[in-house]
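Structural features, examined
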Amino acid sequence: MNRAGMWKIGLTLKSGGAGSARSFAAKAKKGAKGGAAGAPAAPTISKELKSSTTVGANILKDAVDPPVKPDSEYPDWLWHLLDKQTPLSELERKDPKTMPFPELQRFVKLDNRRRIKENNASRAKH
């Protein structure tokens with residue numbers, strides 16, 4: 001087939017001719033609210049179950065959700081995950097010789113990340 005023949009086939013496919021196999025989903029009826037009409041309702045969970053288990057934490061098919069344990073059974077670091085950490089601008093103002101080691105590690109990591117971003121931005125094609 002020559003180029004002209006390929007061009008004609010391309011036109012019929014784009015225009016929705018006999019050779020076209022593409023179609024779109026049917027439009028939703030006006031007045032229909034939410035999802036599908038036959039969709040199951042969300043399961044309701046009792047308050048007792050919510051306070052005694054970690055609902056949705058189970059990843060195994062035939063297992064149950066893990067129970068909530070007392071705070072004393074969790075590691076100490078867990079309670080500090082959401083603490084605010086000092087931003088790079090404040091770490092830059094401090095003397096690296098007097099910084100505690102975890103802060104120094106964080107400073108080096110954030111400073112490297114900033115320098116990489118600056119380097120990538122200066123080399124980016126405009």
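Predicted, not measured: the structure shown is a model, and the values here were computed from it.

Some points on the confidence of the model for the protein chain
Put simply, the protein chain has an average pLDDT of 77, and 60% of its residues get 70 or more. Note on residues 5–16: pLDDT is under 50 here. Beyond four places in sequence and across chains, it has 6 contacts.

Notes on a nonpolar patch on the surface
On the surface, Trp-77, Leu-78, Trp-79, Leu-81 and Leu-82 cluster together to form a nonpolar patch covering roughly 630 Å² of accessible area. Residue Leu-82 is classed as exposed on the basis of its relative accessible area of 83%.

Points about the environment of Glu-90
Structurally, the position occupied by Glu-90 is in helix H3 (residues 88–93). Considering only alpha carbons, one finds Glu-90 and Phe-107, 17 residues apart in sequence, at a separation of 9.6 Å.

Notes on the nonpolar core
Judged by nonpolar contacts, Leu-88, Leu-91, Met-99, Phe-107 and Leu-110 together constitute the single largest core of 5 residues. Mapped by element, the contributors of at least two residues to this core are H3 and helix H4 (101–123). For Met-99, the residues in contact, after removing those within four places along its chain, are Leu-91, Lys-94, Leu-104 and Phe-107.

Thoughts on H4
Taking 1.5 Å of rise per residue, 23 residues should cover 33 Å, and H4 covers 33 Å from first to last C-alpha, within 8% of that figure. Summarising the contacts, the buried residues of H4 are in contact with H3.

Here's the deal with the pattern of salt bridges
Under the defined criterion, the tally for this structure stands at 5 salt bridges. Of the charged contacts in the structure, one is a salt bridge between Glu-118 and Arg-114, with a shortest N-O distance of 3.1 Å. Placement of both Glu-118 and Arg-114 in helix H4 is noted, with a separation of 4 residues, approximately one turn of the helix. With a relative accessible area of 45%, Glu-118 lands in the partly exposed category. One continuous salt-bridge network, built from bridges that share partners, spans Glu-92, Asp-111, Arg-114, Arg-115 and Glu-118.

Conventions adopted
- Residues numbered from 1 in each chain as written.
- Predicted model: local features only at pLDDT ≥ 70, side-chain atom pairs only at ≥ 80, totals over all residues.
- Heavy atoms only, no water.
- pLDDT = per-residue confidence, 0-100.
- Contact = heavy atoms within 4.5 Å.
- Patch = residues over 30% accessible without salt bridge, like charges linked within 9 Å, V, L, I, M, F, W, Y side chains within 5 Å.
- Areas by Shrake-Rupley, 256 points an atom, 1.4 Å probe, with all protein chains shown as cover.
- Salt bridge = Lys/Arg side-chain N within 4 Å of Asp/Glu carboxyl O.
- Buried < 20%, exposed > 50% of the residue type's maximum accessible area, 1.4 Å probe, protein only.
- Helix = DSSP H or I, 4+ residues; strand = E, 2+ residues; numbered from the N terminus.
- Core = buried A, V, L, I, M, F, W, Y, C linked by side-chain atoms within 4.5 Å.
- Expected span 1.5 Å × (residues − 1).

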